[in-house]
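Each chain is listed here by its residues.
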Amino acid sequence: MFFPAALGALLLASCAADKPQDKPLKDTFADNFLIGAAVNVDLVNGADPKGDSIVSRHFNTIVAENCMKSEKVNPAEGVYVWDDADAFVKYGEERGMFIVGHTLVWHSQLAPWFAVDSLGAPVPPEVLKERMRNHITTMMTRYKGRVQGWDVVNEAILDDGTYRKSPFYEILGEEFIPFAFQCAMEADPDAELYINDYSMASPAKRDKYVEIVNDMRSKGIRVDAIGMQGHMGMDYPDFNEFENSIVAFGTTGAKVMITEWDMSALPTVNTGANVADTAAYAAALNPYPDGLPAEVSQEWNDRMKKAMDMFIRHSDIITRVNAWGTDDGMSWKNNWPVPGRSEYPLLFDRSYNLKPFLTEYTEK
């Protein structure tokens, strides 16, 4: 049967409108945990409308990707640049989201002035404490009642269970962690306070964090949740050990949060290698520049589903699952460690489609 072009277009539009959408992730997992993503300033400032459509429809929690790190928001002593952080908080408020500030005390992306004097030498302990207190109090007071949770201390312990030799540790020793949490408790007694790190499946790191959290909580210092950064690959972490850590962290009385979830679909990089040696080596690190082969995509989705099933199994302990980004195109893993490397680690692909492992949940 022949239809005029205009009528044909109308019928196609009607069919598209009638096509059922995926059930929002926030509804799908409503009985399990909050689900969300780290968002960047392009998204919150309106430069990524498609990304916004994903976040607004599917997520009920967001975390600041970079705009609340000290080098961005507090670049000089007594100087704060609020525009991007304010936009991030406003974005979450307008959508009724649980907002997480990231991060108050972290050695990386630390404002260059923070731990040194005018000559570049480490400041005395009392000076660093005062700077920490001022920074934590200023940040948390500005967003009191608006930001519901904070990553207070980030990445303080190495995989072998020893303290990272950060400026905070070198100047203050082990005291810097409870001091930061004490300052945070005083700045906003109603905000949730988190300690956050990667490689949390490491038994030595697990044991050290259990020790630290138990010690602080026994002294009346609140640690409301332990954040397990979910940076994964096709060959790491060992899910049995990851699950052991979930259970172990739950014994402290703190909740558990999966804070930076993504999974590389590419060969694991040996960061000790010189990745600039040869063009052939660079090419080997970027095997799928135009998209994943079907068998690799299936393997990736199967492993991601195993991870999600693990999170659901422990949803009595896990209260939040946050991907570290929205769609594959915005992942920090792109272009690292070689320019042009294309990654596929997130919950939505570059066309903003939900990955297949999640549709198995949304279509139930």
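Residues numbered from 1 in each chain as written. Predicted model: local features only at pLDDT ≥ 70, side-chain atom pairs only at ≥ 80, totals over all residues. Heavy atoms only, no water.

The subject of this paragraph is the overall build of the protein. Across its full length, the protein holds 14 helices and nine strands. Dimensions along the principal axes, computed over C-alpha positions, put the protein at roughly 85 × 45 × 40 Å. Across the 364 residues that make up the protein, the buried fraction comes to 51%. Once local pairs closer than 6 in sequence are excluded, the contacts in the protein between residues at least 24 apart make up 78%. (Helix = DSSP H or I, 4+ residues; strand = E, 2+ residues; numbered from the N terminus. Buried < 20%, exposed > 50% of the residue type's maximum accessible area, 1.4 Å probe, protein only. Contact = heavy atoms within 4.5 Å.)

Turning our eyes to something else, we now look at the pairing of strand 2 (residues 61-64). Across the two faces of strand 2 the burial is the same, with Thr 61 and Val 63 and Ile 62 and Ala 64 all buried. As paired elements, strand 1 (residues 34-39) and strand 2 share four bridges and run parallel to each other. In the sheet register, Ala 38 faces strand 2, and the bridge partner there is Val 63. As defined by bridge partners, strand 2 adjoins strand 3 (residues 98-105) across three bridges and the pair is classed as parallel. By the bridge assignment for strand 3, Thr 61 is matched with Phe 98. (Pairing = 2+ DSSP bridges.)

Any two side chains of opposite charge can pair, on the condition that their charged atoms come close. Counted according to the given criterion, the structure contains 18 salt bridges. As a salt-bridge pair, Lys 90 and Glu 94 come within 4.0 Å of each other at their nearest N and O atoms. Here Lys 90 pairs with Glu 94, and both are found in helix 6 (residues 83-94), just four residues apart, close to one helical turn. The exposure class assigned to Glu 94 is exposed, which follows from its relative accessible area of 56%. For Asp 215, the salt bridge identified is with Lys 219, shortest N-O distance 3.2 Å. Several salt bridges share partner residues, and in doing so they unite Asp 52, Lys 90, Glu 94 and Arg 95 into one network. (Salt bridge = Lys/Arg side-chain N within 4 Å of Asp/Glu carboxyl O.)

When you tally the buried positions in strand 9 (residues 318-323), you get five out of six residues, the bulk of the element. In the sheet, strand 1 pairs with strand 9 via four bridges, with the strands oriented parallel. Bridge pairing in strand 9 links Ala 37 to Ala 323.

Our next topic: a negative patch on the surface. Negative charge collects at one region of the surface, where Glu 299, Asp 302, Glu 360 and Glu 363 lie side by side. A residue is classified by how much of its surface remains accessible, and Asp 302, at 39% relative accessible area, is partly exposed. (Patch = residues over 30% accessible without salt bridge, like charges linked within 9 Å, V, L, I, M, F, W, Y side chains within 5 Å. Areas by Shrake-Rupley, 256 points an atom, 1.4 Å probe, with all protein chains shown as cover. Lys, Arg positive; Asp, Glu negative; His and termini not counted. Charge placed at Lys NZ, Arg CZ, Asp CG, Glu CD.)

In the segment running from Tyr 236 into Pro 237, the intervening peptide bond is cis, with an omega of -10°. Located in the positive-phi region is Gln 109, a residue other than glycine, with phi close to 55°. One can find Gln 109 in the loop between strand 3 and helix 7 (125-142). Exposure remark for Gln 109: the relative accessible area of 23% places this residue in the partly exposed category. Phi angles above zero are rare outside glycine, and Glu 155 is one such case at about 55°. Locating Glu 155 in the fold gives a position in the loop between strand 4 (149-154) and helix 8 (167-172).

Scanning the model with the defined rule gives 13 aromatic pairs in all. Considering the side-chain rings of Tyr 80 and Trp 82, the 5.0 Å spacing of their centres and the 5° angle between planes classify their relative orientation as stacked. Take Tyr 80: its relative accessible area is 21%, and that puts it in the partly exposed class. In this structure Trp 82 comes out as buried when scored by relative accessible area, which is 14%. Three or more aromatic residues link up through ring pairs in this structure, and these residues are Phe 242, Trp 261, Trp 300, Phe 311 and Phe 357. Here the guanidinium or amino end of Arg 95 rests over the ring plane of Tyr 91, the centre of that ring lying 3.6 Å away. The ring of Phe 239 has Arg 303 sitting right over it, with the charged end atom 4.1 Å from the ring centre. (Phe/Tyr/Trp six-rings, centres within 6.5 Å; stacked < 30°, edge-to-face > 60°. Lys NZ or Arg CZ within 6 Å of the ring centre and 35° of its normal.)

Another aspect to go through is the environment of Asp 52. Structurally, the position occupied by Asp 52 is in helix 4 (residues 49-58). Counting along the chain gives 216 residues from Asp 52 to Thr 268, while the straight-line C-alpha distance between them is 30 Å. When residues no more than four places from it in sequence are discounted, the contact partners of Asp 52 are Leu 43, Tyr 91 and Arg 95.

Met 68, Trp 261 and Phe 311 are the most contacted members of the largest nonpolar core, which has 103 residues in total. With nine residues, the top contributor of residues to this core is helix 9 (residues 176-187). One finds Val 63, Phe 98, Tyr 194 and Met 257 within the second-largest nonpolar core, a separate group that totals eight residues. (Core = buried A, V, L, I, M, F, W, Y, C linked by side-chain atoms within 4.5 Å.)

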